[in-house]
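# Working through the structure, step by step
If you want the building blocks of each chain, they are given just below.
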Protein chains: 2
Amino acid sequence: MDVFEDIKTRVISGQFAHGEKLRAEVLRNDYGCSASTVREALLRLSAVGLVEFQEQRGFRMPEYSEERQHDITHMRIMLEAEGACRSMRHGGVGWEARLNAAHHKLSHIESRIGAMGPTDELAHLWMEAELEFHQTLLSACGSETLMEMHLQVYNRYRQVKADVDRSFFHLADNIREHQAIVNAAVSGDEAIMRKRIFEHFERHLMPDRPVDTAIAAMA
Amino acid sequence: MDVFEDIKTRVISGQFAHGEKLRAEVLRNDYGCSASTVREALLRLSAVGLVEFQEQRGFRMPEYSEERQHDITHMRIMLEAEGACRSMRHGGVGWEARLNAAHHKLSHIESRIGAMGPTDELAHLWMEAELEFHQTLLSACGSETLMEMHLQVYNRYRQVKADVDRSFFHLADNIREHQAIVNAAVSGDEAIMRKRIFEHFERHLMPDRPVDTAIAAMA
DNA sequence: ATTTCTTGAAATCTCGAAATTTCTGAGTCA
DNA sequence: TGACTCAGAAATTTCGAGATTTCAAGAAAT
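Residues numbered from 1 in each chain as written. Chains lettered and ligands numbered in written order. Predicted model: local features only at pLDDT ≥ 70, side-chain atom pairs only at ≥ 80, totals over all residues.

## Some remarks on the overall build of chain A
- In terms of regular secondary structure, chain A is built from 11 helices and three strands.
- What you see in chain A, going N to C, is helices and strands ordered as α-β-α-α-β-β-α-α-α-α-α-α-α-α.
- Scaling as 2.2 N^0.38, a compact globule of 219 residues should have a C-alpha radius of gyration of about 17 Å, and chain A matches this with 18 Å.
- Referenced to the eigenvectors of the C-alpha coordinate spread, the extents of chain A come out at roughly 55 × 40 × 35 Å.
- Taken over 219 residues, chain A has a buried fraction of 36%.
- When contacts within chain A are restricted to residue pairs at least 6 apart in sequence, long-range pairs at least 24 apart make up 72% of them. (Helix = DSSP H or I, 4+ residues; strand = E, 2+ residues; numbered from the N terminus. Rg over C-alpha atoms; globule rule 2.2 N^0.38 Å. Buried ≥ 20, exposed ≤ 12 C-beta atoms within 10 Å, placed from the backbone. Contact = placed C-beta atoms within 7 Å.)

Now the structure itself:
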């Protein structure tokens, strides 16, 4: 079993509480490996901001704060809007097709959740499909760096919202919003795409806080 | 001595060739520590893209490519323009003062380099002051995440351009461009700021490649 | 000549013990 | 009570040896 990948999944999907201490000596029991191997995984996660690390004081989960959620959401809007628009310019029909496919897969899972409720199995599939949808959205933007930064921010976003996600409270909205993004892609209108992406995240922003630049124009 | 910080500096400032293999067993000699400690540092650096890591195959420096340089520069323009404009809106006089101070420090070092040539000592001071200037530019943007992503991209940029930097070929241009950015900050005109930032990086973009969105508007 | 196999050497990874640092709380003093 | 000290416990970090995997070079096979 890949210790790093598994801990990463757990750290992103909310299996630890915000601010919880992460002890290598404890986690090793879940994997039957040495504490060093766990430590190694935690160090790598700390380098991308999914775990906090203090010298001689070990590792903990990042604390939750509304400001942090707002900031990360804000960044995600910026990167995702820019990436999606570039994909629209460079992606062509192939990209539209792949986006449709990813959306189809995602919405299929979402309707199953709507019908059967959120089982662990379905929640896990949803996480994978949601990431794939948003990554496909940026996949034709032509910038490796943009996609890397997006993935980092995406993971932090998922981590911050993990407990909310599991309840699937906004499932119906999500389905509608994802569809609206696909429609915008087909329409070829970048301003509409930016607007749709903004609307998809709007409820996770703090209402009284200034929203910047291009993002303000979407509102 | 802090092994991680020192290796990070060396990896950023071009003390290893592009694509060069980084062996923990070799590097340990420079620090008088065990290979595990070096390995730990390299793993953390690989998590932020400053070193490449392949399982069971160790670490190497990233390969150079024009595309990579273009992509990283592109991203830096985007993040820095956005951050600078937000700082203009939220920073107030305090920010302008700090930006002036940082610029003053930087230009002082730059003129010394112009006079005495680039000694190792001066090159090191320049690296620090240049980072501080660009970080100050974003320091009032109000987004931790934006600044973190910028630092990551800034480091990669420095790494890609490390060998060129050491020659200080564009020193005169740099002095002029940094001054222009400070002037734009004082002027309060965001469009001008975006333009000045674009001009500061323009020569590191590939000429025949499409430049996107807000960036195109700056050109 | 090219591919496949073998084998020894080299590089990488894992591990638990030892060294170091931080944390805890009982005891002391004002 | 409150601040301070200090020792023992707990947590963290470092380390080098042993296990595993990759690499390289020559032999055998097609």
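## Quick notes on the protein's contact with DNA strand C
- Surveying the vicinity of DNA strand C reveals 14 residues, the closest of which are C33(A), S34(A), S36(A), Q56(A) and G58(B).
- For the surface near DNA strand C, the secondary structure elements donating two or more residues are α3 (35–47) of chain A together with α2 (24–31) of chain B.
- Taken together, the residues of the surface near DNA strand C break down into two nonpolar, seven polar and five charged. (Near = placed C-beta within 6 Å. Nonpolar A, V, L, I, M, F, W, Y, C, P; charged D, E, K, R; others polar.)

## Points about the sheet that holds strand β2 (residues 52–54) of chain A
Residue and element names in this part refer to chain A.
- An order of β1-β3-β2 is seen for the three strands of this open sheet, with the pairing classed as antiparallel. Since the sheet does not close on itself, it has two edges, and those belong to β1 (21–22) and β2, each with one partner.
- As judged from the two bridges shared by β1 and strand β3 (residues 58–60), these two strands associate in the antiparallel manner. Along β3, the bridge assignment pairs K21 with R60.
- Its contacts with the sheet place α3 against β1, β2 and β3, and it is angled at close to 110 degrees to β2. (Pairing = 2+ DSSP bridges. Axes fitted to C-alpha atoms, helices over the stretch in contact; angles between N-to-C directions.)

## Focus: the protein's contact with DNA strand D
- Of all residues adjacent to DNA strand D, which total 15 residues, the nearest are G58(A), C33(B), S34(B), S36(B) and Q56(B).
- Among the elements that line the surface near DNA strand D, the one with the most residues is α3(A), at three residues.
- Residues of the surface near DNA strand D, tallied by class, amount to two nonpolar, seven polar and six charged.

## Observations concerning the domain arrangement of chain A
Residues and elements named next belong to chain A.
- Domain boundaries assigned for chain A yield domain 1 (3–60) and domain 2 (66–218).
- The C-alpha centroid of domain 2 is placed 27 Å from the C-alpha centroid of domain 1.
- Taken together, the contact pairs seven residues of domain 1 with nine residues of domain 2.
- Looking at side-chain class alone, the side of domain 1 that touches domain 2 contains four nonpolar, three polar and no charged residues. (Domains from an automatic or database assignment.)

## So, the relation of the copies chain B and chain A
- The transform that puts chain B on chain A rotates by 180 degrees and translates by 0.0 Å along the axis, for an RMSD of 0.0 Å. Here the symmetry operator amounts to a two-fold rotation axis. Among all C-alpha atoms of chain B, that of R44(B) lies closest to the rotation axis, at 2.5 Å.
- Interface residue correspondence from chain B to chain A reaches 100%, placing this contact among same-surface, isologous pairings. (Least-squares fit on C-alpha atoms with pLDDT ≥ 70 in both.)

## Quick notes on the environment of L125(A)
Residues and elements named next belong to chain A.
- Mapped onto the elements of the fold, L125 is located in helix α6 (residues 120–138).
- Assessed through the 17 C-beta atoms surrounding it within 10 Å, L125 is described here as partly exposed.
- The spatial distance from the C-alpha of L125 to the C-alpha of R10 is 15 Å, given a sequence separation of 115 residues.

## Side note on the packing of helix α5 (residues 92–116) of chain A against α6(A)
Residue and element names in this part refer to chain A.
- Relative orientation of the contacting elements α5 and α6 amounts to 155 degrees, with a least axis distance of 9 Å. The angle between α5 and α6 falls in the class roughly antiparallel. You can see that α5 and α6 cross each other, and the crossing is left-handed. Counted together, R98, L99, A102, H103, K105, L106, I109, E110, R112, I113 and M116 of α5 and L122, L125, W126, A129, E130, E132, F133, T136 and L137 of α6 form the full contact between these two elements.
- Residue composition of the contact of α5 with α6, by class: 12 nonpolar, two polar and six charged. (Parallel < 35°, antiparallel > 145°, perpendicular 65-115°, else oblique. Left-handed = near helix turned anticlockwise from the far one by under 90°.)

## Considering the sheet that holds strand β2 (residues 52–54) of chain B
- Pairing within the open sheet is antiparallel, and its three strands lie in the order β1-β3-β2 (chain B). Only two strands of the sheet have a single neighbouring strand rather than two, namely β1 (21–22) and β2 of chain B.

## Looking at the nonpolar core
- With 60 residues, the main nonpolar core has A84(A) and A84(B) as its most contacted residues.
- The residues contacting A84(A), other than those within four sequence positions of it, are L137(A), L138(A), M193(A) and I197(A). (Core = buried A, V, L, I, M, F, W, Y, C linked by C-beta atoms within 7 Å.)

## Description of unusual backbone geometry
- Phi at F168(A) takes a positive value of approximately 50 degrees, unusual for a residue other than glycine.
- Relative to the helices and strands, F168(A) is located in the loop between α8 (162–167) and α9 (171–187).
- Of note, the phi angle at Q56(B) is positive, near 65 degrees, even though the residue is not glycine.
- Secondary-structure assignment places Q56(B) in the loop between β2 and β3 (58–60).

## Notes on the packing of helix α4 (residues 66–90) of chain B against helix α6 (residues 120–138) of chain B
Residue and element names in this part refer to chain B.
- Interhelical geometry of α4 versus α6 gives an angle of 60 degrees and a closest axis separation of 7 Å. When the axis of α4 is compared with that of α6, the two are oblique. From α4, E80, G83, A84 and S87 reach across to α6, where they touch H134, L137 and L138.
- Residue composition of the contact of α4 with α6, by class: three nonpolar, three polar and one charged.

## Focus on helix α9 (residues 171–187) of chain B
Residue and element names in this part refer to chain B.
- Compared with an ideal rise of 1.5 Å per residue, which puts 17 residues at 24 Å, α9 spans 24 Å between its outermost C-alpha atoms and is within 8% of the ideal.
- Taken as a whole, α9 has its buried residues at H178, I181, V182, A184 and A185. Mapping the buried residues of α9 onto a view down its axis gives an arc of 160 degrees, with all of them on the same face. When the buried face of α9 is taken as reference, the exposed residues oriented beyond 90 degrees from it are A172, D173, R176, V186 and S187. (Expected span 1.5 Å × (residues − 1). Arc of directions from axis to C-beta.)

## Focus: the environment of E148(B)
Residues and elements named next belong to chain B.
- Mapped onto the elements of the fold, E148 is located in helix α7 (residues 144–160).
- For E148, a count of 19 C-beta atoms within 10 Å gives the class partly exposed.
- Through-space distance from the C-alpha of E148 to that of Q135 is 10 Å; in sequence the pair is 13 residues apart.

## Examining the environment of R76(B)
- Here R76(B) lies in helix α4.
- The contact partners of R76(B), leaving out residues within four places of it in the chain, are V153(B), Y154(B), Y157(B) and F201(B).

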